[in-house]
Amino acid sequence: MGDLQAKAIDLGIRITPHEALPQSLVAHPLREVRYLLVAHPDYFKTHTVPKSPADLAAHRCMTLGYGAFQNLVEFTPADAADASVAPPPVKVRLNTPLTIASSLGLLQALRADAQTGVGLVVDFVAEPAIAAGQLVQVLPHWQLTGSYAPRMAYAVHAPGPRIPPKLRAMLDFLLQHAKAAPR
């Protein structure tokens with residue numbers, strides 16, 4: 001995605017840590033993105049509810065199957081606000097017989113079969129399904145770190161002396177929507 005102009009792309013959305021943004025792009029932060037562990041509510045009728053990250057070893061899990069997203073995950077307690085005194089992360093290797101390269105694909109698999117297991121899904125995909133009662137959050141008192149650490153969604157575009165009106169309109173819409181979105 002580094003060379004948007006060569007691909008005739010006016011605007012892209014990048015979900016990444018700030019330090020991984022290409023220096024050749026102008027980036028506008030939209031919102032923080034987190035990853036959540038979720039499962040079908042009926043899954044826990046036949047499986048024990050994990051109380052700690054180590055308990056995930058007893059469950060089939062699905063993770064995102066691309067880039068740094070793999071089956072070694074790290075957690076810190078969600079209430080460890082001060083990183084200078086936070087305990088070291090808890091590392092767990094998940095039993096991942098299946099990886100899917102899309103949070104939407106993971107969502108569909110989890111909703112389709114109550115026995116699929118536990119999935120690692122991006123928050124903006126998981127939260128509507130949680131609100132609708134289609135999924136439940138697993139280990140809500142733990143925060144994913146490491147390769148699944150929170151990151152920022154950015155609207156990115158090529159630099160230039162002026163922003164074309166259609167790009168300005170879309171940027172304004174995205175930035176306004178990002179401010180109004182509930183978090």
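Here goes a summary of the coordinates provided.

Calculation notes
Residues numbered from 1 in each chain as written. Predicted model: local features only at pLDDT ≥ 70, side-chain atom pairs only at ≥ 80, totals over all residues. Heavy atoms only, no water. Helix = DSSP H or I, 4+ residues; strand = E, 2+ residues; numbered from the N terminus. Contact = heavy atoms within 4.5 Å. Pairing = 2+ DSSP bridges. Axes fitted to C-alpha atoms, helices over the stretch in contact; angles between N-to-C directions. Phe/Tyr/Trp six-rings, centres within 6.5 Å; stacked < 30°, edge-to-face > 60°. Buried < 20%, exposed > 50% of the residue type's maximum accessible area, 1.4 Å probe, protein only. Salt bridge = Lys/Arg side-chain N within 4 Å of Asp/Glu carboxyl O.

Turning to its location among the elements, Q143 is positioned in strand β10 (residues 142–145). Spatially, the C-alpha atom of Q143 lies 8.5 Å from that of D79, the residues being 64 residues apart in sequence. In this structure, Q143 is in contact with R34, E74, F75, T76, P77, A78 and P150, ignoring residues within four places of it in sequence.

Further remarks concern the sheet that holds strand β4 (residues 60–64). Overall, mixed pairing links the five strands, which are arranged β7-β4-β8-β3-β9 in an open sheet. In the strand order of this sheet, the two ends are held by β7 (95–100) and β9 (136–138), each with one partner. For this sheet the average axis-to-axis angle between neighbouring strands, irrespective of direction, equals 40 degrees. The pairing of β4 with strand β8 (residues 118–122) spans two bridges and is parallel. Looking across to β8, one finds that C61 is bridged to V118. Relative to β8, helix α1 (residues 103–112) is tilted by about 145 degrees, and along the sheet it contacts β3 (35–39), β4, β7 and β8. Set on the sheet, helix α2 (residues 123–131) makes contact with β3, β8 and β9; between it and β8 the angle comes to about 120 degrees.

Let us look at the packing of aromatic side chains. Under the criterion given, the structure shown has two aromatic pairs. Seen from their ring centres, Y35 and Y148 are 5.5 Å apart, and the 75 degrees between their planes marks the pair as edge-to-face. In this pair, Y35 sits in strand β3 while Y148 sits in the loop between β10 and β11 (151–157), placing the two residues 113 residues apart along the sequence. This pair shows no difference in class: Y35 is buried, exactly as Y148 is. Ring centres of Y43 and F44 lie 5.1 Å apart, and the angle between their planes is 75 degrees; this geometry places the pair in the edge-to-face category.

The next subject is the sheet that holds β10. Overall, antiparallel pairing links the three strands, which are arranged β6-β5-β10 in an open sheet. Only two strands of the sheet have a single neighbouring strand rather than two, namely β6 (90–93) and β10. In this sheet, adjacent strand axes meet at a mean angle of 35 degrees when their direction is disregarded. Examined bridge by bridge, strand β5 (residues 72–77) and β10 share four bridges and lie antiparallel to one another. If you follow T76 over to β10, its bridge partner there is Q143.

Below, the discussion takes up unusual backbone geometry. Phi is positive for L139, which is not a glycine, with a value near 55 degrees. On the secondary structure map, L139 appears in the loop between β9 and β10. Exposure remark for L139: the relative accessible area of 6% places this residue in the buried category.

Below, the discussion takes up the pattern of salt bridges. Using the criterion set out here, one finds seven salt bridges in the structure. Of the charged contacts in the structure, one is a salt bridge between E127 and R34, with a shortest N-O distance of 3.0 Å. Taken together, the residues span a long stretch of sequence, with E127 in helix α2 and R34 in the loop between β2 (26–33) and β3 at a distance of 93 residues. Between K91 and E74 there is a salt bridge; the shortest N-O distance is 3.9 Å. Taken together, the residues span a long stretch of sequence, with K91 in strand β6 and E74 in strand β5 at a distance of 17 residues. Relative accessible area serves as the criterion here: at 56%, K91 is assigned to the exposed category. Several salt bridges share partner residues, and in doing so they unite R31, R34, D123 and E127 into one network.

Remember that the coordinates give geometry; whether it matters functionally is a separate question.
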